[in-house]
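Observations on the three-dimensional arrangement
Chain by chain, the residues run as shown.
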Amino acid sequence: MLSYQHLYHAGNPADVHKHALLAWVLDYLTQKPKPLSYFETHSGRGLYQLDAPEALKTGEAAAGVNRLAPYFPEDHPYIKTLEKTCADHGPHAYPGSPLIAAQMLRDTDPLHLAELHPGEYACLQDTMAPFRITPIQEDGLQMALARTPPSPRRGVMLIDPSYEVKADYEILPKLIADLHRKWNVGVVMLWYPVLQDARHKPMVQALSQAIPDLFLHQVDFAPVRPGHGMNGSGMAVINPPYGLDAAAKTLSDLFHTYAT
Ligand SMILES: C[S@@+](CC[C@H](N)C(=O)[O-])C[C@H]1O[C@@H](n2cnc3c(N)ncnc32)[C@H](O)[C@@H]1O
């Protein structure tokens, strides 16, 4: 079943949105010396080369990171992680979310990274080896439920499914509400695509009803090629850190000016 491979999409406008918010949250939370737990339910391989044939075939990074990164403030944590990744892995390297987290977190912060696809998992193992992090080849949502509440209790979880099947949209609101009951202090970030047929809307509505203080942020962008169905990117955040609304507003302005 697992046919999605993020290598075709790495660095696209949705990745810029998701990774910029994630980097901002991790930067904010690591300003305090207190340790935190980090979870990824759908990790991908962690490191991408944007000059690989798969990435060039779709050309999605051209409309994403290549177009938008020059308009970020130089000191934005997303830009710092892009620079570090290129310094470590070459000029076309692009960090996936597990690598962003591994670069930004400290020795005191445990990372729980789930990836089910055997090939992606093997690549993720290689990406994480220098950090001495062993990823987990399990269903990510089951891993999330099994390992929460974590120790340390403070922490962040990124849920970034590939939404290959309609059931992904249907199971998430209840599962995330259960997760929030188990781990009420966790910052849980759910990414979703904004497609022309708006199939995310019932999921977001159900989640908002289950979690009244949910923070929602969406950006619009031009489809990466004619006929492509995705014209925006959304993130729902439980327990948003102070200042996330202002950071997200800066992203809204950037996308509105340069991506639509
Ligand atoms: C959108 S990609 C992840 C991208 C990554 N979070 C990033 O931003 O760099 C989704 C990944 O989830 C994996 N996957 C799909 N179903 C899964 C499951 N049930 N548990 C864990 N991983 C899964 C896919 O193999 C794919 O690599």
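Quantities reported herein were computed from a predicted structural model and do not represent experimental measurements. The numbering scheme is per chain: residues are counted from 1 as the chain's sequence reads. The model is predicted, so local features are restricted to residues of pLDDT at least 70 and side-chain atom pairs to those at 80 or more, both for listing and for counting; the totals for chains, interfaces and linings are taken over all residues.

**A few points about the overall build of the protein**
Only DSSP runs of H or I reaching four residues or more are called helices, and only runs of E reaching two or more are called strands; each is numbered from the N terminus. The secondary structure content of the protein amounts to 11 helices and 8 strands. Since a compact globule built from 260 residues should have a radius of gyration of about 18 Å, the 17 Å found for the protein is in line with a globular shape. Across the 260 residues that make up the protein, the buried fraction comes to 44%. C-beta atoms are first placed from the backbone for all residues, and any pair lying within 7 Å is then listed as a contact. Within the protein, residue pairs in contact and separated by at least 24 positions form 78% of the contacts whose partners lie at least 6 positions apart. We compute the radius of gyration from the C-alpha atoms alone; for a globule the expected value is 2.2 Å times N to the 0.38, where N is the number of residues. With C-beta atoms placed from the backbone, the exposure class of a residue follows from how many other C-beta atoms lie within 10 Å of its own: 20 or more, buried; 12 or fewer, exposed; in between, partly exposed.

**Looking at unusual backbone geometry**
That bond from Thr148 to Pro149 is cis: its omega, -5°, falls within 30 degrees of zero. Within the secondary structure, Pro149 sits in the loop between α8 (140-147) and β5 (155-159). Cis rather than trans, the peptide bond between Ser151 and Pro152 has omega equal to -5°. By the secondary structure assignment, Pro152 is in the loop between α8 and β5.

**Side note on the site of the ligand**
Any residue whose backbone-placed C-beta atom lies within 6 Å of a molecule or strand is treated as near that molecule or strand. Among the 18 residues in the neighbourhood of the ligand, the closest are listed as His42, Gly44, Gly96, His117 and Gly140. Looking at side-chain class alone, the shell around the ligand contains 4 nonpolar, 9 polar and 5 charged residues. Only Asp, Glu, Lys and Arg are considered charged, only Ala, Val, Leu, Ile, Met, Phe, Trp, Tyr, Cys and Pro nonpolar, and every remaining residue, Gly among them, polar.

**Brief notes about the packing of helix α1 (residues 13-29) against helix α11 (residues 244-258)**
In contact at an axis separation of 11 Å, α1 and α11 are set at 150° when each is read in the N-to-C sense. Here α1 lies roughly antiparallel to α11, going by the angle between them. The two elements α1 and α11 cross, and the hand of that crossing is right-handed. Across from His17, Ala20, Leu21, Trp24 and Val25 in α1, the residues of α11 making contact are Leu244, Ala247, Ala248 and Leu251. For the contact of α1 with α11, the residue count by class is 8 nonpolar, 1 polar and no charged. Angles run from 0 to 180 degrees between N-to-C directions of axes, and those axes are lines fitted to C-alpha atoms, restricted for helices to the stretch in contact. What sets the label is the angle itself: under 35 degrees gives roughly parallel, over 145 gives roughly antiparallel, 65 to 115 gives roughly perpendicular, and the rest give oblique. With the far helix as reference, a near helix turned anticlockwise by less than a right angle produces a left-handed crossing, and one turned clockwise produces a right-handed crossing.

**Some details on the environment of Pro161**
Within the secondary structure layout, Pro161 lies in the loop between β5 and α9 (166-182). Judged by the 19 C-beta atoms lying within 10 Å of it, Pro161 is partly exposed. Between the C-alpha atom of Pro161 and that of Pro193, which follows or precedes it by 32 residues, the distance is 9.8 Å. Leaving out residues up to four positions away in the same chain, Pro161 has contacts with His42 and Asp168.

**Re the environment of Leu22**
Inspection of the secondary structure assignment puts Leu22 in helix α1. Exposure remark for Leu22: the 25 C-beta atoms within 10 Å place this residue in the buried category. For the pair Leu22 and Gln137, spaced 115 residues apart in sequence, the C-alpha separation works out to 22 Å. Among residues more than four places away in sequence, those in contact with Leu22 are Ser97, Ile100, Leu158 and Met189.

**Observations concerning the packing of α1 against helix α6 (residues 97-104)**
Where α1 contacts α6, the axes come no closer than 10 Å and their chain directions differ by 20°. As the angle between them shows, α1 and α6 are arranged roughly parallel. Between α1 and α6 the crossing geometry is right-handed. Only Ser97, Ile100, Ala101 and Met104 of α6 make contact with α1, whose side of the interface consists of His19, Leu22, Ala23, Leu26 and Asp27. Per-class residue counts for the contact of α1 with α6 are 6 nonpolar, 2 polar and 1 charged.

**Quick word on the pairing of strand β6 (residues 187-195)**
Across the 9 residues that make up β6, a large majority, 7, are buried. Strand direction decides the pairing type here: β5 and β6, joined by 4 bridges, are parallel. The residue of β6 that forms the bridge with Val156 is Val187. The handedness of a crossover follows from its direction of travel: if, with the strands pointing away from the viewer, the path from the first strand over the helix to the second runs clockwise, the crossover is right-handed. Viewed along the sheet, the connection from β5 through α9 into β6 turns out right-handed. Judged from the 8 bridges that link them, β6 and strand β8 (residues 230-238) form a sheet pairing that is antiparallel. Note that in β8 the partner of Tyr192 across the bridge is Gly234. One bridge is not enough; two strands pair if DSSP finds at least two bridges between them.

**Overview of α1**
The end-to-end C-alpha distance of α1, which contains 17 residues, comes to 25 Å, matching closely the 24 Å that a straight helix rising 1.5 Å per residue would cover. Buried residues dominate α1, accounting for 14 of its 17 residues. Given a helix with a known number of residues, its expected span is that number minus one, times 1.5 Å.

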